[in-house]
Structure formats: C-alpha cells, structure tokens
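# Close look at the chain arrangement
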Amino acid sequence: MEVLKVEGLCKRYPAFSLENVSFSMQPGTIMGLIGRNGAGKTTTLKSLLHVVHPDAGKITLLGMDMDTQELAIRKKLGYVSGTAGYYPKKRLRQLTDVTRAFYPDWDEAAYRDCLRRFALDENKRVSELSEGMKVKFQLALALSHRAELLILDEPTSGLDPVSRDDLLELFLTLSERGTSILFSTHITSDLEKCADTITYLQNGRVRLAGAREAVLAQWRVVTGESSQRTAALDAVMTGCREHRGEFEGLLRVQDAETAAGCAVRPATLEELMVFLEREAEA
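Parameters at a glance
- Each chain carries its own residue numbering, running from 1 in the direction its sequence is written.
- Two thresholds apply to this predicted model, a pLDDT of at least 70 for residue-level local features and 80 or more for giving and counting side-chain atom pairs, whereas whole-chain, interface and lining totals are computed over all residues.
- The side-chain numbers reported here are obtained from all heavy atoms of the structure, hydrogens and water having been left aside.
- Following DSSP output, two strands are said to pair if at least two bridges run between them.
- Secondary structure elements are defined from DSSP: runs of H or I of at least 4 residues count as helices, runs of E of at least 2 residues count as strands, and each element is numbered from the N terminus.
- Between N-to-C directions, angles span 0 to 180 degrees; the directions come from axes that are lines fitted to C-alpha atoms, helices contributing only their stretch in contact.
- Contacts are residue-level and defined by heavy atoms, with any inter-residue pair within 4.5 Å sufficient.
- Only protein chains enter the accessibility calculation, which uses a 1.4 Å probe. A residue is then buried if its area is under 20% of the maximum for its type, exposed if over 50%, and partly exposed in between.

All right, on to the sheet that holds strand β6 (residues 77-81) then. Ordered in space as β6-β7-β8-β3-β9-β10, the six strands form an open sheet in which the pairing is mixed. Either end of the sheet is taken by a strand with one partner, and the two such strands are β6 and β10 (205-211). Direction aside, neighbouring strands of the sheet carry axes that sit 15° apart on average. By the bridge criterion, five bridges tie β6 to strand β7 (residues 149-153) in an arrangement that is parallel. Note that in β7 the partner of Tyr-79 across the bridge is Ile-151. Together, β3 (30-34), β7, β8 (180-184) and β9 (197-202) form the strand contacts of helix α1 (residues 41-48), whose direction differs from that of β7 by roughly 145°. This element, helix α5 (residues 131-144), spans β6 and β7 of the sheet and lies at about 175° to β6.

As structure tokens, this is what we get:
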C-alpha cells in the first residue's frame, strides 16, 4: 500500500496555479520534493495537510482519504518546518504539554528517548535553541505520537553544514526503522545523500518524478569550447550557457553521441534543476 498518493492536485490563485500534480510514495522511503522558490512546493504540502483546500484532485494518506478521514490521518502524521513559529519565551515542556493533550496515543517513553537522543533540555526556552535544535524538537514531538509519515518543509533551511548533515543522518535512521519522509527543499545536495525518489515541480507542474538514481541516469552535462558547438548538438541541448569561449548544457543520455569531442559527464540534481529552469526561462 502506498503511504501517500496524490492524484490530479490543483490549486489556483490569481498569480499562481498548481496544475494536475500527481505522485506517490512507498512506505519507509524518503521523497525529495524539489523546485525553485515559487514552484509550488509549499502549496503542495499545505494541500496535503488541508491548510489550504485544493480546487481539484484526490489525496490519500496512509491508505485513508484526507477529505473524509482527516482526524485519523493527523494522529499518524508529523509535520516539521524549518521556519516553525513557536512563542520564543515558552519553555519546551510547556509546548510539549499542549501537544501531548491532542494525542491519545502519546508515547512518553519515546518522547524521553528523543530528548536524550537529540540532547534537548525541555526547561530551555525556544529563544535559547539553535535552528537545528528547533527542528529536532519538532521531530521529537512528531515521533512521540508514533507518526508513520513525516512531512518536512525546508527542514534544513538556514542550518550550518554540520547541523544539516546530522539531520540527514537522522532521516536515514528513521527511514530504516520504517518511517516515511516527504522532504521539501531547494538544497538539492541534501537529497543526493538521502532521497530514494524525487518529484520536481516547475511552475506548478510536475516536471520530473521517479527514483533519484533513475532520474539522474537519463541526463548528462556536456562541456566544451565554443568552436565545438554544432547545429546537431544545439538541437538537442537544454539550458545551454556560453562564456569565455566555453559552453555547457544538458543532454538526454540517448543524445550524448551528438557531443563527440566534448566532455560528457553525469548530472547532479542541482545541475539538472538549473539547466531545466534555464530552459523554462528561455
């Protein structure tokens, strides 16, 4: 059974539209939801959580319909944001007391274990926490009510490289234990370390989706001297950029033979997104 299935999701605003977004997740996997700022990532997550109500489409979470079984779903769902707006003067234990009251299946032993694992002092105030510790506190709350699916909205935004790496290791550990994670970010290098699958949104639509390695295997980056560009190469190259007598562009793997004499190598997620965004702006 898919832990998450989104079918034909649409949400329209005067200046932006999410159109026919569809993707699905298997249990115990990590999906990276990527795209530039304004591509529709947050709108998609808000639609999943019913923070905004979609204009069309169907959302199935943990085998249940969000339209008819929202309360049951929320008991098994955890949400973590890199920009959570807690009251800065509140102590963590006060926030925990409020959260605990909403979950009849709250596991106090699991919560205490998370406090130890994340080195969290519940007597500290929110204002005393680093950005990384704030994210870990949110995770502690989510894991303490046995969340089966974690929805993470830019959880590593603003973190230093060491803190980001610590969190990515934690996400991998949680995934190995069976927790499913939907991870929205524009820091694509994070997903190179942990994502099983990728859904790439571009201007409110799904541009690419699938297993991370399979998606990347379809593309190559070509570089060379400007004199090596040919009409045949230009015809199949995406997002080409030329400067100082050299060029670089993106090719589908089946078109790599048109780049004879040029350097061709596998694309990273960041390069893939940059070149495809250049194509969209052209």
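A separate point is the environment of Leu-251. Inspection of the secondary structure puts Leu-251 in strand β13 (residues 246-252). Judged by its relative accessible area of 0%, Leu-251 is buried. When the C-alpha atoms of Leu-251 and Ala-235 are compared, they prove to be 10 Å apart, with 16 residues separating the residues in sequence. Contacts of Leu-251, omitting those with residues within four sequence positions, involve Gln-218, Trp-219, Arg-220, Val-222, Leu-233, Val-236, Met-237, Ala-256, Thr-258 and Ala-259.

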